[in-house]
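Structural overview
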Amino acid sequence: MSFINHKLKVLAFAALGSGIFLSCAPSKNAVASKPSKVASQAGKVVPTNLKWSERMMLSEMQRFPEAWMLDFSKSPKWTYPSAIVLDGAEQLYLKTGKKEYYDYISGFGKDLIKEDGTILTYDLDKYNIDMLNSGNVLLYLYEKEKDQKYLKALQTLRLQIDGQPRTNEGSFWHKKIYPYQVWLDGLYMGMPFYTHYTKDFVKGAEATKAYDDIVFQFDSVQKNLLDKKTGLLYHAWDESKEQAWANKETGLSPNFWGRAMGWYGMAMVDVLDYLPKDHPGRARLISYIKSYSDAVIKVQDKKSGLWYQILDKPLANGNYEEATASAMFVYTMIKAVNKGYLPKSYKAAAQKGYDGIIKNLITVDENGVVNLNKCCAVAGLGGNPYRDGSYEYYVNEEIRSNDGKGTGPFILASLEFEK
């Protein structure tokens, strides 16, 4: 897309925000007889009388006029954060019928997938499980448009699963360059896609084998990464125990990183959308969600309702209430309540967390654009320069606003609360 066309799209979207959306029904708190309520929306790029899900989605579209920009990318790149926000866009399109949401999703496919099905910037040989997550967008677009280029791209991503290196007992390595390492992040990056693809394209014994494999990934994580004392799960496990960050006896990384736990919770509730109702592993996954939620609630800040970057050390120097993990925990729990995986009593903790995000981490610009602040930009283990998994490492990573790893879960959580 040329720079001029890009600027035109920004201007067109601003016009949509201040024009078309003004015809939306006012919120429950609005008084129809007072035209000043409508007048107050003049000049708002994002109308303030919409629900939080739409307000954040429209804000993301304003900040990142092309969906490939959602990871602060300077040029189209196949990466994972866009897919989380676009999951929200899919649900908003279904809910509202507003075509601009669909166009935003569709634009991602058009920009990233070539006509022959090649995925821009993707390298199968790296066996990076992060790269499977945006396959969820292609599953949606193929279902809607039946474009063969999306099917070819999906088949390429599915090939990655077949070749993804595994631990001796069968857990997926996070990346080929991280041998024998299982990260909690990987369950979210790979398993919802693997389950959804299986549901859409695989039948019979082959499907059963795939579903069994998917549930096993969670069983293995519960066995190898769970801290039985707290119920929390460590960020990662090195089966070889060779990494400098790995405990020489257990192979575990040293800390409970908030977002790693957030990824794991979202993975469980999202996989259950596609796992067959009669699969024997469903009950186990639901039991994991229950023990997970109990552990998460124990480390929830009693005053703010939020969660810390390092979950079990709230008072340690430099720790902070972190937005992406908080949004992920809230989404996991409220969705689990709505789906019947958790008793309704768990809604209170989810609500407290959601209210805490809005009160403490959300700011709204004069033009109505909504911001989510205090997002950890990135955190990992190993690599070069080497990330040692220490407390000091996690709390000193970059903090920024409007990271898709936080705005996406916030949109999804908002949609669950708005049901």
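For the structure, check the block above.
Below you will find a few notes about this structure. (Residues numbered from 1 in each chain as written. Predicted model: local features only at pLDDT ≥ 70, side-chain atom pairs only at ≥ 80, totals over all residues. Heavy atoms only, no water.)

**Quick look at helix α7 (residues 148-163)**
Residues separated by three or four positions in an α-helix point in the same direction, a consequence of the helix having 3.6 residues per turn. Relative to the 22 Å expected for 16 residues at 1.5 Å per residue, α7 spans 23 Å between its end C-alpha atoms, a close match to the ideal helical length. Among the residues of α7, K149, Y150, L151, A153, L154, L157, R158, Q160 and I161 are the ones counted as buried. Where α7 is buried, its residues meet α5 (99-112), α6 (135-145) and α8 (184-201). (Helix = DSSP H or I, 4+ residues; strand = E, 2+ residues; numbered from the N terminus. Expected span 1.5 Å × (residues − 1). Buried < 20%, exposed > 50% of the residue type's maximum accessible area, 1.4 Å probe, protein only. Contact = heavy atoms within 4.5 Å.)

**Points about the pattern of salt bridges**
One pass over the full model with this rule turns up 17 salt bridges. Note that R259 is salt-bridged to E322, the shortest N-O span being 3.9 Å. On the criterion of sequence distance, the pair formed by R259 in helix α10 (residues 258-271) and E322 in the loop between α11 (281-298) and α12 (323-339) is long-range, its members being 63 residues apart. Residue class for R259 comes out buried when judged on its relative accessible area of 1%. Taking relative accessible area as the criterion, E322 reaches 0% and is therefore assigned buried. Measuring nitrogen to oxygen at the nearest pair gives 3.0 Å for the salt bridge that ties E416 to K419. (Salt bridge = Lys/Arg side-chain N within 4 Å of Asp/Glu carboxyl O.)

**Points about the packing of aromatic side chains**
Taken as a whole and assessed by the stated rule, the structure comprises 22 aromatic pairs. Consider the rings of Y102 and Y140, whose centres lie 6.1 Å apart with planes at 50°: the pair is tilted. Residue Y102 is located in helix α5, and its partner Y140 is located in helix α6; the two are separated by 38 residues in the primary sequence. Each member of the pair Y102 and Y140 is classed as buried. A network of ring pairs unites the aromatic residues F218, Y264, Y292, W307 and F329 as a single cluster. A cation over a ring is seen here: R55 above W52, with NZ or CZ 4.1 Å from the ring centre. Here the basic side chain of K146 rests over the ring of Y142, its NZ or CZ set 5.2 Å away from the ring centre. (Phe/Tyr/Trp six-rings, centres within 6.5 Å; stacked < 30°, edge-to-face > 60°. Lys NZ or Arg CZ within 6 Å of the ring centre and 35° of its normal.)

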